[in-house]
Amino acid sequence: MKKKGIAFLCILALLSCSGCQMEKVKVDVSQKTQKADVIKAGERAEIDYDRLSEALLHMDMEEFKEQGGTLEEKKRDTDGCTDEFFRFEDEEQYLESCRVLGGPTDQSNLGSYSYQKDYAGSAYWNALTVHDGKDDTITPNQMRFDYPEEEIAACSKEEALEACRDLAEALGYREDNSEVEVYALTADALNRNYEQLFHKSGGGRPSKHYFKMDPELGVQLPDMENQKEWTEEYEAMYLAYRPVIKDRAVACDQELYVIYAPKYGRIVYASWSLPYLGGETVEQEPAISEEVAVKTAGMEYGVKSEDEMVLDGTRLILVQTYRDTMKPGSDGVLIPAWQVDLHLLNSVEYSGSNAYRTALVDARTGKICQVTGE
């Protein structure tokens, strides 16, 4: 997925001579060297509930509801609702939870699942998402730095893909319309991050005593006195799916995240947004060059000269703009953007794995994408 080597050396050479100051980016027509499509997204995928239930719950949804002990439905509006199902192992701990958001006016189409024996779903997800540092968002570049391997002793990459195939396809992520990155959550990597980043906020392996009730807040929080180090037995596989439209990956509000743990023989965590199924080109606009995108990305993180960063990769993708998504019956517009993966050197604000950043640069304007609203 990442381009490396001579091509990137050439790009860096174009930026400036070594150690020279990077000039402010000014985009003009001469810097737009290719055309890029603006896409009007098609319909979102529909959930195959039977396949979803079998993949996650190992039973159909009606049976899961019957065993639930509680079934809570919260009306969001007249057209959509949130269903939350819990199945209890004992009086203190629920075994599984499945949450599905849906309805004609709910454009987000979100959902999640967590297998909570030994609080496994929470433990694995916390290990991936609890970070110190300025920015809590874990970028693809940072994930690959933290978890460079693609298999563990108990599971190969191919076995992980097969174990998660039914879930992915039930949610519309198929081999012919999506891409997937696979990360091995090895004990060494999990413990390294646990020691460096997570020890203040949990991050230990699954256990019955992972959480404890905070009497003042009335919520469960990680029990820091009972956090346990990761062992090979608890190693797992993390899969991140993105849809692909017209040969370009779609970022932002279009992902499926899955954690498969061989110890439990099942998926222990999943969260998703239903993908758009194709789309049509509504216009073609001149796109800025790779060189300009790299400059913009560097300046976003305070890079003043080329020796303050290493370029790990670039590619042209599509980004969800949210331009029309709040209007009932309307779908979003996907704009072309450069994904720029950087390793920041000697940064005061970003250090350790946080120094591995991913910037999204609007290929039409040369500005950093405002992916949460325009």
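For the structure, check the block above.
Just so you know, these numbers come straight off a predicted model, no measurement behind them.

1. Brief notes about helix 6 (residues 157-170)
An α-helical turn contains 3.6 residues, so any two residues separated by three or four positions project in the same direction. Between its first and last C-alpha atoms helix 6 spans 20 Å; for 14 residues at 1.5 Å apiece the expected length is 20 Å, and the two agree. For helix 6, the set of buried residues is Ala 160, Cys 164, Leu 167, Ala 168 and Ala 170. Tucked inside the fold, the buried residues of helix 6 contact helix 2 (49-56), strand 9 (236-245), strand 11 (256-261) and strand 12 (266-273). Gly 172 lies just past helix 6 and shows a positive phi near 95°.

2. Describing the packing of aromatic side chains
Considering all chains together, one arrives at 12 aromatic pairs under this definition. Consider the rings of Trp 125 and Tyr 257, whose centres lie 6.2 Å apart with planes at 35°: the pair is tilted. With Trp 125 in helix 4 (residues 120-129) and Tyr 257 in strand 11, this residue pair connects regions lying 132 residues apart in the sequence. Given the relative accessible area of 25%, Tyr 257 is considered partly exposed.

3. Quick word on helix 2
Buried residues of helix 2: Leu 52, Ser 53, Ala 55 and Leu 56, and no others. All buried residues of helix 2 project into a common sector of 165° when viewed along the axis, lining one side. Positioned one or two residues after helix 2, His 58 has a phi angle of 60°, which is positive.

4. What to know about the side chain of Ser 273
On the secondary structure map, Ser 273 appears in strand 12. Ser 273 sits in the buried class, given a relative accessible area of 4%. A polar atom in the side chain of Ser 273 sits 3.5 Å from the side chain of Arg 44.

What counts as what
Residue numbering note: each chain is counted from 1, following its sequence as written. Totals for whole chains, interfaces and linings use every residue, but because this is a predicted model, local features are given only for residues with pLDDT of at least 70 and side-chain atom pairs only at 80 or more, for both listing and counting. Side-chain metrics in this entry use all non-hydrogen atoms of the structure; hydrogen atoms and water are not considered. Secondary structure counts use DSSP, requiring at least four H or I residues in a row for a helix and at least two E residues in a row for a strand, with both numbered from the N terminus. To estimate the expected span of a helix, count its residues, drop one, and scale the result by 1.5 Å. The buried label applies to any residue whose accessible area, calculated with a 1.4 Å probe on protein chains only, is under 20% of its type's maximum; exposed applies above 50%, and partly exposed to all values in between. In this analysis, two residues are considered to be in contact whenever any of their non-hydrogen atoms come within 4.5 Å of each other. Stacked, tilted and edge-to-face are the three classes applied to pairs of Phe, Tyr and Trp rings, where Trp contributes its six-membered ring and a pair requires centres within 6.5 Å; stacked means planes under 30 degrees apart, edge-to-face means over 60, and tilted covers the rest. Throughout, the arc means the angular range of directions from the helix axis out to the C-beta atoms. Pairs of N or O atoms are called polar contacts if they sit within 3.5 Å, as long as, within protein, a hydrogen donor faces a hydrogen acceptor (for residues adjacent in sequence, only side-chain-to-side-chain pairs).

Don't take any of this as a statement about function, it's just geometry.
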